[in-house]
Amino acid sequence: MPYAEILVTKNFITDEEKTVLVKKMTKILLDSEGLIDNPISRSIALLDIKEFGCLYVGGERSKQDKILVKIYAFSNAFNDKSKKKLFSDITNALISINDKIKSQNGRNIWCMIIPLQKNNFGVGGAPVTLEMTRNLVSAYNEE
């Protein structure tokens, strides 16, 4: 069930960079939740890239480009070590696609994990857990 919102300053990254980023982020998110990379896993990995035109920092309109990545995940999917790896992987993926991000060494990237407690996520009217998701994608056989 990996889901992430990526908010970027308007016109900060190109459509081509977004295409590369989506592929990298999908792999990162699947890996972070311990999901096998297969068609069923990719079909439930959601990314939403939005551009903001006006970002205010400290009460004033920011003059610097920023990226905010919000990852919605099951609360039991991460420990401190895996969170650190996730933040590093996301930062490295963004640095690899854009020279302006690289020049700031990722200091303009903010990442946050928004944990979903048990039974706080549902599909089709039924609660879904990390264990259910892992079992579902593990049972998928490509033919």
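The following refers to the structure shown.

Calculation notes
Residues numbered from 1 in each chain as written. Predicted model: local features only at pLDDT ≥ 70, side-chain atom pairs only at ≥ 80, totals over all residues. Heavy atoms only, no water. Core = buried A, V, L, I, M, F, W, Y, C linked by side-chain atoms within 4.5 Å. Buried < 20%, exposed > 50% of the residue type's maximum accessible area, 1.4 Å probe, protein only. Helix = DSSP H or I, 4+ residues; strand = E, 2+ residues; numbered from the N terminus. Contact = heavy atoms within 4.5 Å. Pairing = 2+ DSSP bridges. Axes fitted to C-alpha atoms, helices over the stretch in contact; angles between N-to-C directions. Salt bridge = Lys/Arg side-chain N within 4 Å of Asp/Glu carboxyl O. Expected span 1.5 Å × (residues − 1).

1. What to know about the nonpolar core
(1) Moving on: Among the nonpolar cores identified, the biggest contains 29 residues, and Met25, Ile67, Ile71 and Leu94 are the most heavily contacted of them.
(2) Moving on: At the level of elements, strand E1 (3-9), helix H1 (15-32), strand E5 (67-74), helix H3 (80-97) and strand E6 (109-116) are the ones that each hand at least two residues to this core.
(3) Moving on: When residues in this core are grouped by element, the largest group, 6 residues, is from H3.
(4) Moving on: Residues in contact with Ile67, not counting those within four places in the same chain, are Ile6, Leu7, Val8, Phe12, Leu94, Ile101, Asn108, Ile109 and Trp110.

2. Structural notes on the sheet that holds E1
(1) Moving on: If you walk across this open sheet you meet the 4 strands as E2-E1-E5-E6, and the pairing is mixed. The sheet terminates laterally at strand E2 (46-52) and E6, the two strands that pair on one side only. Strand-to-strand, the axes of this sheet are offset by a mean angle of 15°, without reference to chain direction.
(2) Moving on: Most of the contacts of H3 go to E6, to which it runs at about 140°, and overall it touches E5 and E6.

3. Focus on the pattern of salt bridges
(1) Moving on: In the structure shown here, the tally under the stated rule is 9 salt bridges.
(2) Moving on: Arg42 is the salt-bridge partner of Asp37, the closest N and O atoms lying 2.4 Å from each other.
(3) Moving on: Overall, Arg42 belongs to the partly exposed group, its relative accessible area being 41%.
(4) Moving on: Overlapping salt bridges bring together Glu5, Asp48, Lys50 and Lys70 as one network.

4. As for unusual backbone geometry
(1) Moving on: Backbone geometry at Asn11 places phi at a positive 65°, although glycine is not the residue there.
(2) Moving on: Among the secondary structure elements, Asn11 is positioned in the loop between E1 and H1.
(3) Moving on: For Asn11, a relative accessible area of 61% translates into the label exposed.
(4) Moving on: Within the chain, Asn105 stands out as a residue other than glycine whose phi angle is a positive 55°.
(5) Moving on: Positionally, Asn105 belongs in the loop between helix H4 (99-103) and E6.
(6) Moving on: Note on Asn105: relative accessible area 54%, which makes it exposed.

5. Quick notes on H1
(1) Moving on: Here H1 spans 25 Å end to end across 18 residues, near enough to the 26 Å set by a 1.5 Å rise per residue.
(2) Moving on: All of the buried residues in H1 are Glu17, Lys18, Leu21, Met25, Thr26, Ile28, Leu29, Leu30 and Ser32.
(3) Moving on: Backbone geometry just after H1 places Gly34 at a positive phi near 70°.

6. So, the pairing of E5
(1) Moving on: Most of E5 is tucked away, with 6 of its 8 residues classed as buried.
(2) Moving on: Pairing between E5 and E6: 8 bridges, direction parallel. In the sheet register, Tyr72 faces E6, and the bridge partner there is Ile114.

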